[in-house]
Amino acid sequence: ILEAINKNRQTPLVAAGSLDPISQGWSDKMAEQNFFDFEDLQGASIFDAIKGAGILAKAGAYIVGNTSFSGAMDQVIHNSALQNEAWKTVGIGITQDKLGVIKITLIYAE
């Protein structure tokens, strides 16, 4: 996923170990609780999770849901926000829910 994103960027995003667990946790939560949103069923947002992990940098998030990996990748590589050169690091989470929907969470930060 990171390699595909970086093909469209002048300056590559770098994987951030601090963002990966948050991204994976959000993808897992969406699959386990059967939702697809930036806010979970209890009203907590992905940005609450980022702040709760102590990430102070400006951050953004992108979520993808698709029944095929290639379809999900098309969505990721065509997301214009990921092309913003202000973003320097990224965390990636991916899982598949019980219905077969692939859920990808990307959290990117300065």
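My aim in this report is to walk through the structure given alongside it, one point at a time.

How each quantity is defined
Residue indices begin from 1 for each chain and proceed along its sequence in written order. It should be noted that, the model being predicted, local features are given only for residues of pLDDT at least 70 and side-chain atom pairs only at 80 or more, the latter also being counted only at that level, while totals for whole chains, interfaces and linings use all residues. In computing side-chain properties, one takes all heavy atoms of the structure into account and sets aside hydrogens as well as water. Stacked, tilted and edge-to-face pairs are distinguished by plane angle, under 30 degrees for stacked and over 60 for edge-to-face with tilted covering the rest, among Phe, Tyr and Trp rings (Trp via its six-membered ring) whose centres lie within 6.5 Å. The buried label applies to any residue whose accessible area, calculated with a 1.4 Å probe on protein chains only, is under 20% of its type's maximum; exposed applies above 50%, and partly exposed to all values in between. The numbering of helices and of strands both runs from the N terminus, where a helix is a DSSP run of H or I of at least 4 residues and a strand a run of E of at least 2. Should DSSP find at least two bridges between two strands, the strands are regarded as paired. Contacts are assigned to residue pairs with any non-hydrogen atoms lying within 4.5 Å of each other.

A word on the packing of aromatic side chains
Tallied over the full model, the rule gives two aromatic pairs. Their ring planes at 85° and their centres at 5.8 Å tell us that W26 and F35 sit as a pair that is edge-to-face. On the basis of relative accessibility, which here comes to 7%, the residue F35 falls in the buried class. Taking the centre distance of 4.8 Å and the plane angle of 65° together, the rings of W87 and Y108 count as edge-to-face.

Concerning the pairing of strand β4 (residues 102–109)
Most of β4 sits out of view: eight of its eight residues are buried. The pairing of strand β2 (residues 59–66) with β4 spans eight bridges and is antiparallel. If you follow Y62 over to β4, its bridge partner there is L106. As paired strands, strand β3 (residues 89–96) and β4 are joined by eight bridges and run antiparallel to one another. From the neighbouring strand, Q96 faces β4, where its bridge partner is I102.

Focus on the environment of I5
Within the element layout of this structure, I5 appears in helix α1 (residues 2–6). Taking relative accessible area as the criterion, I5 reaches 1% and is therefore assigned buried. For the pair formed by I5 and L106, sequence separation is 101 residues and the distance between their alpha carbons is 11 Å. Here I5 is in contact with L13, V76, I77, L82, Q83 and L106, once residues within four sequence places are set aside.

So, the environment of A59
Looking at where A59 falls in the secondary structure, it is placed in strand β2. When its relative accessible area of 22% is taken as the criterion, A59 is described as partly exposed. In sequence terms A59 and S45 are 14 residues apart; their C-alpha atoms lie 13 Å from each other. A59 has contacts with F47, I50, W87, Y108 and A109, leaving out every residue within four places of it along the chain.

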